[in-house]
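One-letter residues, chain by chain:
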Amino acid sequence: MIMFRAIRHIGRLLKIARTLARHDALFLLDRLGVAPAVSLAARLVSRGRSKGRDGERLAAALEELGPSFIKLGQAMSTRADLLGDQMTADLAKLQDRLPPFPGAAARATIERELGMAVEECFESFDDVPVAAASIAQVHFAITTEGREVAVKILRPGIEDAFGRDLDLFYWIAEIVERTQPSFRRLKPVEVVRTFAETVALEMDLRYEAAAASELRENFEGDPYFIVPEVDWARTSRRVMTLERIAGTPVGDVEALVAAGQDLDAILEKAASAFFNQVFRDGFFHADMHPGNLFIDDDGNLVAVDFGIMGRLDRKTRYFLAEMLIGFLTGDYRGVAEVHFRAGYVPTDKSVDAFTQACRSIGEPLLGRPLHEISLARLLGQLFEVTEVFEMETQPQLLLLQKTMLLAEGMGRRLNPEINMWELARPLIEDWIRDNLGPEARLRDAADDFRGAVERLPAFLAEADRALQMFGDGGLRLHPESVRALRGGRNSAALLWPLWLAVALLAVITIAVL
């Protein structure tokens, strides 16, 4: 079975290598050290003829290889630590476009998934899609209630196609992890597993609908950032229906100007929306390229496509805020220390050496005009030094870095003289004061304490159960432990530190609450 799997994947790998060779992009396999004989054979039968940077040639090859590889390229565009800034920027431009599948197949999927004829769901349904990507395509329709909607439908057979390629990706990752010690800290198998989980979520449109619903709920009181409403009655695993939105793509600056839109106001709203997603909510749209963000007639932002979302827990948000502040104020020691506190850098590494590395990244930023400072590239350069300090990969920060690159690119198109992070500065300062100041730390301590108090009854119950098991002979202990327990001390005496702790907790609880 193992041999059959290897033979199957080597054959598939040869075809992939030939495509990479045609685009002069075999450097990817060479860098991974996977099947060098395959790379050599591909070079012998193919002659690279593509021009452009490495990233541009790789992007072209991945587009030719199909849906799984387009998604893989998008995932790789978050790995500046592995591929560098320029290549990841090129991969971020991967065009996720494929020829559409027939309207009849889309109708068949709707009827099978929703259990009723298309005419029972929609007054009208456009057979020609408005967009066709690697996993799904989108059709416009009008519901039987007269509402204009956009219907997203999965490609037929897409799960099987991805399943075959994901097994290949696992196989390559396993080889890399076994044979390339320098790559082990990057956890290639775990990275593929994360990629597989992400793809699995994208191929169940109920999860995307739930993400849209959560993001819409988060911005319920913010009219400047609009998320379409989900039509849950017409949504299932392979079909998702959202209200249809109208607007001008945020990347079409000429059309925005012609429509009389205030570009600076749009940029300010975008900065505020991004800040609120990342810091206020810890839940952000992680695919915010110009094709997924529109401007309505009132100058408000309207987001679409919620298949790729990111989450940051409170600890990570604290780390991110302290790190960015440290860089922008020149406190490189503080930047280094927050990495160690977060556990991102092994404790056996030198704080002084890591401080020096942080200075090498941040010092070139100081004194430059604000609009020339890219926080996304700062994060990317920080990831590049991770190999020296064996810093473990942080997928949530890699995804955020990619999202920041897209946001900064959008901001520069709207106004190259304004830094969108400066527009969000008042919000950031308020958030830091509310979440990292003395009052916030006291509040966090109180919350942690309340949590400990709430867990205390369960702890005491477990302790009592353990003592009962001692009495019943239900636990097997080392003879020395048994003799120590029998050495003149009864069960009540053993519990005195616990009861003292309970008394102290009660006193503190009364004082705090």
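Quantities reported herein were computed from a predicted structural model and do not represent experimental measurements. Each residue is numbered by its place in its chain's sequence as written, counting from 1. Totals for whole chains, interfaces and linings use all residues, but because this is a predicted model, local features are given only for residues with pLDDT of at least 70 and pairs of side-chain atoms are given and counted only at 80 or more. Hydrogens and waters are ignored; side-chain quantities use all the structure's heavy atoms.

Caption draft 1: Structural view of unusual backbone geometry. Even without glycine at this site, Asp24 takes up a positive phi of about 50°. Think of it this way: any DSSP run of H or I at least four residues long counts as a helix, any run of E at least two long counts as a strand, and we number them from the N terminus. Position of Asp24 relative to the elements: it lies in the loop between helix H1 (2-22) and helix H2 (27-32). We note that Asp305 has phi near 65°; this positive angle belongs to a residue other than glycine. Summarising the element assignment, Asp305 is placed in the loop between strand S10 (301-303) and strand S11 (309-311).

Caption draft 2: Local environment of the side chain of Ser68. As for its position among the elements, Ser68 is in helix H5 (residues 67-76). Classification of residues uses two cut-offs on accessible area relative to the type maximum, computed with a 1.4 Å probe and protein chains only: under 20% is buried, over 50% is exposed, and between them is partly exposed. Of the residues examined, Ser68 reaches a relative accessible area of 3% and is grouped as buried. Throughout, a contact is declared for two residues whenever any of their heavy atoms are within 4.5 Å. Those residues in contact with Ser68, other than ones at most four positions away along the chain, are Ala161, Phe162, Asp165, Phe169 and Phe195.

Caption draft 3: Structural context of the environment of Asp231. Checked against the element boundaries, Asp231 lands in the loop between strand S5 (225-226) and strand S6 (239-243). Along the primary structure Asp231 and Thr241 are separated by 10 residues, whereas in three dimensions their C-alpha atoms are 5.3 Å apart. Once residues lying within four places of it in the same chain are set aside, the contact partners of Asp231 are Thr143, Arg147 and Thr241.

Caption draft 4: View of the pattern of salt bridges. Each salt bridge in this description consists of a side-chain nitrogen of Lys or Arg and a carboxyl oxygen of Asp or Glu lying within 4 Å of one another. Summed over the entire model, instances satisfying the criterion amount to 27 salt bridges. Taking the shortest distance from any N to any O, the salt bridge between Asp127 and Arg107 comes out at 2.7 Å. You can see Asp127 sitting in the loop between strand S1 (122-125) and strand S2 (131-132) and its partner Arg107 sitting in helix H8 (residues 103-114), a full 20 residues away along the chain. A relative accessible area of 22% places Arg107 in the partly exposed class. The partner of Lys152 in a salt bridge is Asp305, and the shortest N-O contact between them spans 3.5 Å. Taken together, the residues span a long stretch of sequence, with Lys152 in strand S4 (residues 148-154) and Asp305 in the loop between S10 and S11 at a distance of 153 residues. Lys152 sits in the buried class, given a relative accessible area of 16%. What emerges from the salt-bridge pattern is a single network uniting Glu145, Arg147, Asp231 and Arg234.

Caption draft 5: How the structure looks around the packing of aromatic side chains. Pairs were defined over the aromatic rings of Phe, Tyr and Trp, the Trp ring being its six-membered one, requiring ring centres within 6.5 Å. Orientation was assigned from the angle between planes: stacked under 30 degrees, edge-to-face over 60, tilted for the rest. Taken as a whole and judged by the stated rule, the model has 11 aromatic pairs. With 6.4 Å between their ring centres and 65° between their planes, Phe327 and Tyr332 make a pair best called edge-to-face. Pair check on accessibility: Phe327 and Tyr332 agree, each one buried. Consider the rings of Phe340 and Phe354, whose centres lie 6.1 Å apart with planes at 80°: the pair is edge-to-face.

Caption draft 6: Region of interest: helix H22 (residues 425-436). Over its 12 residues, H22 runs 15 Å from end to end, which matches the ideal 16 Å to within 8%, given 1.5 Å per residue. Taken together, the buried positions of H22 are Trp431, Ile432, Asn435 and Leu436. Projected down its long axis, H22 shows its buried positions confined to an angular sector of 100°, all on one face. One less than the number of residues in a helix, times 1.5 Å, gives the span that helix is expected to have. Throughout, the arc means that of the directions going from the helix axis to the C-beta atoms.

Caption draft 7: A look at the nonpolar core. As used here, the term nonpolar core means buried Ala, Val, Leu, Ile, Met, Phe, Trp, Tyr and Cys residues forming a set that is joined through side-chain atoms within 4.5 Å. In this structure, Phe225 and Met323 are the most contacted members of the largest nonpolar core, which totals 123 residues. The contact partners of Met323, leaving out residues within four places of it in the chain, are Val335, Val338, His339, Leu379 and Leu382. The next biggest cluster of nonpolar side chains, apart from the first, holds 13 residues, and it includes Cys121, Phe122, Ala141 and Ile153.

Caption draft 8: Highlighting the sheet that holds strand S9 (residues 293-295). Pairing is mixed across the open sheet formed by four strands, whose spatial order is S5-S10-S9-S7. With partners counted over all chains shown, the strands left at the sheet margins are S5 and strand S7 (248-249), one partner each. When DSSP finds at least two bridges between two strands, those strands are taken to pair. Pairing of S5 with S10, which is carried by two bridges, proceeds in the parallel orientation. Each residue of the ladder has a partner; that of Phe225, found in S10, is Leu301.

Caption draft 9: A look at the confidence of the model for the protein. The predictor reports its confidence for every residue as pLDDT, a score running from 0 up to 100. The predicted model of the protein averages 80 in pLDDT, with 78% of residues at 70 or higher. Low pLDDT, under 50, characterises residues 488-505; the stretch is placed with 11 contacts to residues that sit more than four places away or in other chains. Scored below 50 in pLDDT, residues 507-513 shows five contacts in the model against residues more than four places distant or in partner chains.

Caption draft 10: View of the environment of Leu166. You can see Leu166 is positioned in helix H10 (residues 158-179). Between the C-alpha atoms of Leu166 and Phe195, which are 29 residues apart in sequence, the distance is 8.9 Å. In this structure, Leu166 is in contact with Phe195 and Ala196, ignoring residues within four places of it in sequence.

Caption draft 11: Layout of helix H4 (residues 54-65). The end-to-end C-alpha separation of H4 is 17 Å, in line with the 16 Å expected for 12 residues at 1.5 Å each. Listed as buried for H4 are Gly55, Arg57, Leu58, Ala59, Ala61, Leu62 and Leu65. Of the residues one or two after H4, Gly66 is the one with positive phi, at around 110°.

Caption draft 12: Region of interest: the pairing of S6. Within S6, four of the five residues are buried, which leaves the element mostly enclosed by the surrounding structure. Relative to S6, S4 runs antiparallel, the two being bridged by five bridges. Residue pairing in the sheet places Ile153 in a bridge with Val239 of S6.

Caption draft 13: Local environment of the packing of helix H15 (residues 314-329) against H22. Between N-to-C directions, angles span 0 to 180 degrees; the directions come from axes that are lines fitted to C-alpha atoms, helices contributing only their stretch in contact. Their axes nearest at 11 Å, the elements H15 and H22 cross at an angle of 125°. Considering the angle they form, H15 stands oblique to H22. In this structure, H15 crosses over H22, and the sense of that crossing is left-handed. Facing Arg317, Tyr318, Ala321, Glu322 and Ile325 of H15, the residues of H22 in contact are Trp431, Ile432, Asn435 and Leu436. Side-chain classes are defined by residue name, with Ala, Val, Leu, Ile, Met, Phe, Trp, Tyr, Cys and Pro counting as nonpolar, Asp, Glu, Lys and Arg as charged, and the others, Gly among them, as polar. Here the residues of the contact of H15 with H22 are counted per class, giving six nonpolar, one polar and two charged. By definition in this entry, angles of less than 35 degrees are roughly parallel, angles greater than 145 are roughly antiparallel, angles of 65 to 115 are roughly perpendicular, and the rest are oblique. Left-handed describes a crossing in which the near helix is turned anticlockwise from the far one by less than a right angle; the clockwise case is right-handed.

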